[in-house]
Amino acid sequence: MSCIFCKIVAGEIPCHKLAETARVLAFLDIMPIARGHLLVVPKQHVELAYLADPALSGEMMSMAVQLGRAAQAALQCAGMNFLLNCGACAGQVVPHAHLHVVPRFVDDGIHWPWPQGSLVSEDAAALVQAITERMR
Ligand SMILES: [Zn+2]
């Protein structure tokens, strides 16, 4: 087992634990983007959150929202990002699903400069059909 998050879940590597349930653990990110940056991970090794049991992903989000609310009260931040990167090309560094909760402050200098495209209506119809046909 070489997964760093599995080692944290197993207690082999210490963490600054914030909360846990039977299936989910939350702790402070040791390389924070902002003060209070935390991670919520499933205790079971799952690489890609969108391939996890949807109920487990729901538990991750539920904990993230509760911690986000508490972090906002504790830090008085002005906003928050909930970020779930799935796959290396999407920015996932550790291949164990993790939901980032990043407290945001006015003029904190953090930017995600995603280029904006425009949705073409014919493609929108094709996308809606292709995706909804495959929902399970
Ligand atoms: Zn793992």
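Bear in mind the structure is a predicted one, so any value in this text is a computation, not a measurement.

1. Describing the packing of aromatic side chains
Step number 1: With the rule as written, the count across this model stands at 1 aromatic pair.
Step number 2: Judged by centre distance (5.7 Å) and plane angle (70°), the ring pair of F5 and F27 falls under edge-to-face. With F5 in helix α1 (residues 4-10) and F27 in strand β2 (residues 24-28), this residue pair connects regions lying 22 residues apart in the sequence. Across the pair, F27 and F5 agree in class, each one buried.

2. Section: the sheet that holds β2
Step number 1: As summarised here, the arrangement of the 5 strands in space is β1-β2-β3-β5-β4, forming an open sheet in which the pairing is antiparallel. Unpaired on one side and paired on the other, β1 (17-20) and β4 (79-84) mark the two borders of the sheet. Ignoring strand direction, the axes of neighbouring strands in this sheet form an average angle of 20°.
Step number 2: Alignment of β2 against strand β3 (residues 38-42), held across 5 bridges, turns out to be antiparallel. When the bridges of β3 are listed, L25 appears paired with V41.

3. Some points on helix α2 (residues 54-75)
Step number 1: Taking 1.5 Å per residue, 22 residues should reach 32 Å; α2 reaches 30 Å between its end C-alpha atoms and fits that length.
Step number 2: What α2 keeps buried is the set L56, M60, M63, A64, L67, G68 and A71. Buried positions in α2, seen along its axis, are confined to an arc of 145° and lie on one side of it. Exposed side chains of α2 directed beyond 90 degrees from the buried face belong to P54, Q66 and R69.
Step number 3: Looking one or two places after α2, you find Q76, whose phi comes out positive at around 55°.

4. Focus: the coordination of the zinc ion
Step number 1: Protein coordination at the zinc ion comes from C3 (SG), C6 (SG), H45 (ND1) and H96 (ND1), with a distance range of 2.0 to 2.3 Å.
Step number 2: In this structure, the zinc ion is coordinated by 4 donor atoms arranged in tetrahedral fashion, with angles at the metal of 104 to 118°.
Step number 3: On the primary sequence, the residues serving as donors to the zinc ion are separated as C-x2-C-x38-H-x50-H. Side by side, C3 and C6 carry an identical accessibility label, which is buried.

How each quantity is defined
- Residues numbered from 1 in each chain as written.
- Predicted model: local features only at pLDDT ≥ 70, side-chain atom pairs only at ≥ 80, totals over all residues.
- Heavy atoms only, no water.
- Phe/Tyr/Trp six-rings, centres within 6.5 Å; stacked < 30°, edge-to-face > 60°.
- Helix = DSSP H or I, 4+ residues; strand = E, 2+ residues; numbered from the N terminus.
- Buried < 20%, exposed > 50% of the residue type's maximum accessible area, 1.4 Å probe, protein only.
- Pairing = 2+ DSSP bridges.
- Axes fitted to C-alpha atoms, helices over the stretch in contact; angles between N-to-C directions.
- Expected span 1.5 Å × (residues − 1).
- Arc of directions from axis to C-beta.
- Donors = N, O, S within 2.8 Å, 3.2 Å for Na, K, Ca; no water.
- Tetrahedral: all angles 85-135°; square planar, octahedral: opposite > 155°, others 65-115°.

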